[in-house]
Amino acid sequence: MSKVKVAFTLNDQEVSLLVQPEERLLDTIRDRLNLTGTKEGCGVGECGACTVMLDGQAVNSCLVLTAQVYGREVRTVEGLGGEEELDKLQQAFIDHQAVQCGFCTPGMLMSARALLDDTGSPTREEIKTALDGNLCRCTGYKQIVEAVEAAAEAEEVD
Amino acid sequence: MPERQQVNRSKKRVDARAKVTGKAKFGADLKFHNMLYGKVVRSSYPHARIKEINTDKAAAYPGVEVVMTAEDIPNNLFGVIIENQRVLAEKRVLYIGDGVAMLAANSRESAREAAKLIELEYEELPGVYGVEEARRPEAPVVMPGEENNQVIHHPLRKGDVEQGMAQADVVLERKYTTQFVEHAYLEPEAVTVVPEERNTLVTVYGSVQNPNATRDALATVLDCDLSRVRIIQDNMGGSFGGKDENISSMACRAALMALNTGRPVQLVNTREESIIESYKRHPYTMKYRMGARENGELVAMEIEAAADSGAYACQTPFVTWRSVVQATGPYEVPHVKTDTYGFYTNSPYTGAMRGYGSPPVIFAQESMMDELARELGMTPEEIRRKNMFSNNSRTASNQKLDNHEVSLAEVMDKALEAIDYQEKYRRYSQPQPGDIKRGIGFAISYRGVSLGAEAIDAAGAIVSVQKDGSIIVYSGLAENGQGLKTIFSQIAAEELGVSLDRITHMETDTSISPESGSTVASRSTLMGGSAVKNAAENIKTVIKEFVAEEYDYRGEILYRDDALFTIEGSKIVDFPELAASAFHSGVFLSSYGWYKAPGISWDEETGQGRPYFTYVYGCQAAEVEVDTGTGEVRVLNMAAAHDVGKAINPANVRGQIYGGTVMALGHALMEDLGFFQGYISHTNFDEYLIPTVKDAPDNIDAIIVENPDPAGPYGAKSIGEPAMELGGAAINNALAQATGRRLRDLPLNLERVLLGRNLSREG
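Since the model is a prediction, treat every value here as computed from it, not as a measurement. (Residues numbered from 1 in each chain as written. Chains lettered and ligands numbered in written order. Predicted model: local features only at pLDDT ≥ 70, side-chain atom pairs only at ≥ 80, totals over all residues.)

1. A short note on the overall build of chain B
Thinking step 1. From N to C terminus, chain B includes 19 helices and 32 strands.
Thinking step 2. In terms of overall dimensions, chain B is globule-like: its C-alpha atoms have a radius of gyration of 27 Å, near the 27 Å expected for 763 residues.
Thinking step 3. Referenced to the eigenvectors of the C-alpha coordinate spread, the extents of chain B come out at roughly 75 × 75 × 50 Å.
Thinking step 4. Counting over 763 residues, chain B shows a buried share of 60%.
Thinking step 5. Looking at chain B alone, contacts between residues at least 24 apart form 80% of all its contacts between residues at least 6 apart. (Helix = DSSP H or I, 4+ residues; strand = E, 2+ residues; numbered from the N terminus. Rg over C-alpha atoms; globule rule 2.2 N^0.38 Å. Buried ≥ 20, exposed ≤ 12 C-beta atoms within 10 Å, placed from the backbone. Contact = placed C-beta atoms within 7 Å.)

Right under this line is the structure:
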C-alpha cells in the first residue's frame, strides 16, 4: 500500500512525514518521532497509558491512525510544561505522591490536562469520570485524584 | 535524640520528576543499534504432544535473521526452587502459554508476519485441571519425570487436633475457594539482550523484578559464569511479584537469539501475550474445620489448603509455605493440624503475587471467624478479641511473640474507630427494607516479615561519597515502582546528614550491586534499608578518624544540614568540603553495607519453630452497599490500620495501603480470567477487569500505626503485602452482613451475589 503524507502539530512543532495508512499514532510518536513518554499498555483502548491530547481532547493514541491527525494538534507528556517550569499537574503529581511505578502517569496527566483545560474547577466526580479510562494498578487512585484537585485549585488561583 | 531530617518524613519520590515528564525509560523504550525484534509462538492447546514443527517458511520470510525451537537449546531448563521450567517446550506443551518456537527479524512487522508462518502439528492430550483432579491417584502426570502431580506438602502439627475438637461445643466445617489472579502490571514485559557488550557475554536491559534470579537463569541456560551475565534494570512499570520467572524466560530467549545473530534482540509482550503466558496468583481450595467452646474460645483448627501450581513448580513450594504459617490467623489455638499442598495441572503456572500465600488463607480463615461468631451468637469483634494474639502469645508454629510489640488490639481499635464500625454494625444488623442493603465487616492478620525459613535472608548495598560531596547508592534489591530508591536515598541522606538531592540512586546492576536475594516478601525497607544504613555507618567510622586527625575533634559527630557538627552544636565542616578534603588526603569514603536477618528455625515434619524473626499486624474494615436486585457490590469506605514499625516515608506508606486495598477489592469482586479446561478467555483489559478509579472506594482511611521494631532501620518493618492480604475477607464479611448470606468463593461477582453461584462454564 502506498504511503500517505501527514503534516500535523506535535507539542507546538510542525512535523511532516510519510506513513503507512494503517500506522497507529502511538507508533508514529514512539518509534518515528522518538517520544517514548507515551506508553502502550493494552493496544485496545482500555488502559489509557497511551493517552495524548488531540485538538485538546484526551484520546487513546493506539486507536487513532496517524493519517487521521492531518492538520491537527497533538500534545504528549513531553509537551506538558515548559523547559524550566513543570505543568501544575506534573508538580501536583510529585507533591501528592501520585506516582508509583509511573507507567500510567503520562496518560493520567494527559487525561487530567484535557479535563482542566475544559473544566476550570471540576468536581471530584468529574475528575473520576475524566480518569475512568486510565487504569492504575499501583496507587489505588486516591493520591492521583488528590493531585488533580490540587492542580485545579492552583490554576484557579492564577 | 536529635530530630531526624530525612526519614519519618513524606519526602517526594526521587524518581517522580523523570516519571511525570516522560523522560523515565522503561524496557520497551530502549533502542540499540542494529537491534532485532523477537516474537514467540505459543501453544494452541493446554496439553498436547508436538508432532512436528516446520520453520522453513518463517526462516525464509524477508527480514528474519533467526528461528529457534527447543532442539536448538542444549540447556533448556531453569528454575529458582525446582529446575523444571523450559525456555521453549520440548515434545509436549504443558499449558496454553508454553512457548514453542521463536524468531527475530529486522522489524516488528516482519517478526509478526513470519511467526504466522511457523507450521505446528499437535496431538491433543487430555489435560489435568484443578487440584481435585490433579491429586486423584489415577490422574495423568503433568510434569515429565515425576511420579504424581504433587509439587509440595507442608504439614504443621500442634497438640492433638481430635482431642481439641472433642473439647469443642461447636465445630464448623467449610470449604472456600479462590481464583487465578493476573498481576495486571500496566507495563507488559519487555527485555532487550545485547551480546558481547563491553566484557560480558550478554547484557540484559528491561523490566526485571529480580535481577539476580534472571542472571541465574541465563548463566544456567547459556552455560556460563555468573560474571559473564550482566542485568541492568530499567524502570519497572509495576510488578507485584510478577516479573520474575517469566522475565527470566524472556531474557533467556532473547539471549539465545542475540548470541546466535550477534545482534541485540528485543522482546516486548502484547497484553494478550502477557496474560496468556505469565504466571498467576495460585487458586486455592481450602477445607477448614474450626472448633470452639461456647464462650468463643478456639480449641482446635484443622486445615487443608491445596494450591494449583499449574504447569511448573515455580514458587509453589514457598508460596504454600507462607500459607502453612499464616493459615490459623492471628489466634491462639492449642490444637492445630494444617496441611498445605501444591499440585501440577495443565493450567498456567502460578507464582509470586503480592501477598504470596496469605490472601487465600486469610480470605477463608477470616470469613470463617465471622461464621463461627454467628454460630456462637457473638459479634465478629468479640470472637476476635477473645482469641487474638497479644504480647507473649504462641503461634501455631509454637513461636513465642516476645521480641516486638504485638499490636493487634491497637490496629483493630484504630481501624474500627475510623470507619465507625460499632454504630454501623448495629445499624446494618437491623432489617433493611428495599433492594439496596449495606453491611460492614473487617479482618485482621499477622504476617511474617521478609523471607522467613524460605531461604537465606541477607541484603547488601554500596554507598559511595564523591569528592564534591554528592553520593551514589547501589542496591542489590530493586526498585519495582514501590518507592525503594526514595526510601534508601532517605536513609543514606539521614545517616550522612545531607539533603536528598545529593543522592543519586542507581539502577540495580548485577555486575556492581551486591547479590541480595529477591525484591519480594515486603523485605526491602527492613533488609535493604538496614544494608544502606550499615554502609553509611561504615563511612562514618572512617570520617570519625579523619575528623580527629584533620579537625582535631574526637567527640561524637552530628550529621545534619549538609554539614558535620560537634555534640555541642558547633559546625566542624560542611559536608562537600569534608568529602573533598578526605579525597585529597587519600581517605576512602565508600563502603559496602551488609545486613543478615536474625536467626530463624523450622521443622519440616511438624511445622514447629521460629519461622520469621518478626511480624507485622493489620486490620482492614470495609463498608459495602449491595444491590440485591442485580448483585452489584459497591465498596463505600475502607479503613486500613497497619503497624509498620516506623514509617520511613508516611506518604509512601499510605500509597502502598491505598494501592493494596484497591488490588484486594479487584481480587474480591471482579477479577476473573475466564478459565475453561486450561484455556483463558479474558486476555485483555476489555474482559479481564481490574478496578478503575470509579470502582475504588469513595474513601480509604490509611492509618499508620508505629511500634518500632528492633530488627528494622529506625524501627521500620513492612507494608507492601500486608496492605493487600485483608481486603478480600473484610469485603466478604461486609457482604455477608448486608445480604445475610455467606459466600465462600472468589470472586464475589454479580451472579454469585445474586444467585449464590457462578453462571460461567467453570462455575
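Picking up where we left off.
2. Remarks on helix α3 (residues 105–118) of chain A
Thinking step 1. The terminal C-alpha atoms of α3(A), which comprises 14 residues, lie 20 Å apart, in line with the 20 Å expected from a rise of 1.5 Å per residue.
Thinking step 2. Counting buried residues along α3(A), 11 of its 14 residues qualify, which places the element largely inside the surrounding structure.
Thinking step 3. Along α3(A), the residues that are buried comprise A:Thr105, A:Pro106, A:Gly107, A:Met108, A:Leu109, A:Met110, A:Ser111, A:Ala112, A:Arg113, A:Ala114 and A:Leu116.
Thinking step 4. Each element contacted by the buried residues of α3(A) is listed here: β3 (51–54), β4 (57–60), α2 (88–95), α4 (124–131) and α5 (142–157) of chain A together with α1 (16–20) of chain B. (Expected span 1.5 Å × (residues − 1).)

3. Describing the domain arrangement of chain A
Residues and elements named next belong to chain A.
Thinking step 1. The domain boundaries assigned to chain A delineate domain 1 (4–79) and domain 2 (88–157).
Thinking step 2. Listed per partner, the contact involves 15 residues of domain 1 and 13 residues of domain 2.
Thinking step 3. Counting residues per element, the ones that place at least two in the side of domain 1 that touches domain 2 are β3 and β4.
Thinking step 4. The dominant element in the side of domain 1 that touches domain 2, judged by the number of residues it contributes, is β3, at 3 residues. (Domains from an automatic or database assignment.)

4. Concerning the nonpolar core
Thinking step 1. By size, the foremost hydrophobic cluster in this structure holds 288 residues, and its most contacted members are B:Leu103, B:Ala251, B:Ala415, B:Ala492 and B:Ala621.
Thinking step 2. Those residues within four positions of B:Ala621 in sequence are excluded, and the remaining contacts are B:Ala415, B:Leu416, B:Ile419, B:Tyr421, B:Ile440, B:Phe442, B:Met638, B:Ala639 and B:Ala730. (Core = buried A, V, L, I, M, F, W, Y, C linked by C-beta atoms within 7 Å.)

5. A closer look at the interface of chain B and chain A
Size of an interface, as often reported, equals the accessible area lost when the parts are brought together.
Thinking step 1. Taken together, the 45 residues of chain B in the interface contact 39 residues of chain A.
Thinking step 2. Listing elements by their share of the side of chain B that touches chain A, those giving two or more residues are α1 and α17 (650–669) of chain B.
Thinking step 3. When residues in the side of chain B that touches chain A are grouped by element, the largest group, 8 residues, is from α17(B).
Thinking step 4. The class makeup of the residues in the side of chain B that touches chain A is 18 nonpolar, 16 polar and 11 charged. (Nonpolar A, V, L, I, M, F, W, Y, C, P; charged D, E, K, R; others polar.)

6. Some words on helix α9 (residues 316–326) of chain B
All names here are of chain B.
Thinking step 1. Burial analysis of α9 places 10 of its 11 residues in the buried class, the great majority of the element.
Thinking step 2. Every buried residue belonging to α9 is among Thr316, Phe318, Val319, Thr320, Trp321, Arg322, Ser323, Val324, Val325 and Gln326, and all of these are buried.
Thinking step 3. For α9, the elements touching its buried residues are β9 (150–158), β16 (298–310), β17 (335–344), α10 (358–376) and β18 (436–448).

7. As for the environment of B:Thr338
Residue and element names in this part refer to chain B.
Thinking step 1. Looking at the secondary structure, you find Thr338 in strand β17.
Thinking step 2. Taking the C-alpha atoms as reference points, Thr338 and Arg271, separated by 67 residues in sequence, lie 38 Å from one another.
Thinking step 3. Not counting the four nearest positions on each side in its chain, Thr338 is found in contact with Leu156, Ile303, Val324, Ala327, Thr328, Ala396 and Gly607.

8. Re the sheet that holds β4(A)
Residue and element names in this part refer to chain A.
Thinking step 1. If you trace the 5 strands from one edge of the open sheet to the other, you get β2-β1-β5-β3-β4, paired in mixed fashion. In this open sheet, the two strands that pair with only one neighbour each are β2 (13–19) and β4. Direction aside, the axes of adjacent strands within the sheet are offset by 40 degrees on average.
Thinking step 2. Looking at chain direction, strand β1 (residues 4–10) and β2 are connected through 7 bridges and run antiparallel. Residue pairing across strands places Lys5 opposite Leu18, the latter belonging to β2. (Pairing = 2+ DSSP bridges. Axes fitted to C-alpha atoms, helices over the stretch in contact; angles between N-to-C directions.)

9. Here's the deal with the pairing of β17(B)
On any regular strand, side chains alternate: one points to one face of the sheet, the next to the other face.
Residue and element names in this part refer to chain B.
Thinking step 1. Most of β17 is tucked away, with 9 of its 10 residues classed as buried.
Thinking step 2. Direction of pairing for β9 relative to β17: antiparallel, over a ladder of 8 bridges. Bridge pairing in β17 links Leu156 to Thr338.
Thinking step 3. Two elements, β16 and β17, share 10 bridges in a ladder whose sense is parallel. Bridge assignment links Ala306 to a residue of β17, and that residue is Tyr341.
Thinking step 4. Since β16 and β17 lie parallel, the crossover through α9 that links them has a hand, and here it is right-handed. (Right-handed = clockwise from strand over helix to strand, strands pointing away.)

10. Side note on the domain arrangement of chain B
Residue and element names in this part refer to chain B.
Thinking step 1. Considered domain by domain, chain B is made up of domain 1 (16–23 + 458–596), domain 2 (33–125 + 189–268) and domain 3 (284–390 + 404–452 + 603–755).
Thinking step 2. Placing a centre on the C-alpha atoms of domain 1 and another on those of domain 2 gives a separation of 38 Å.
Thinking step 3. With 13 residues of domain 1 at the interface, the matching set in domain 2 holds 16 residues.
Thinking step 4. Considered class by class, the residues forming the side of domain 1 that touches domain 2 number 2 nonpolar, 7 polar and 4 charged.

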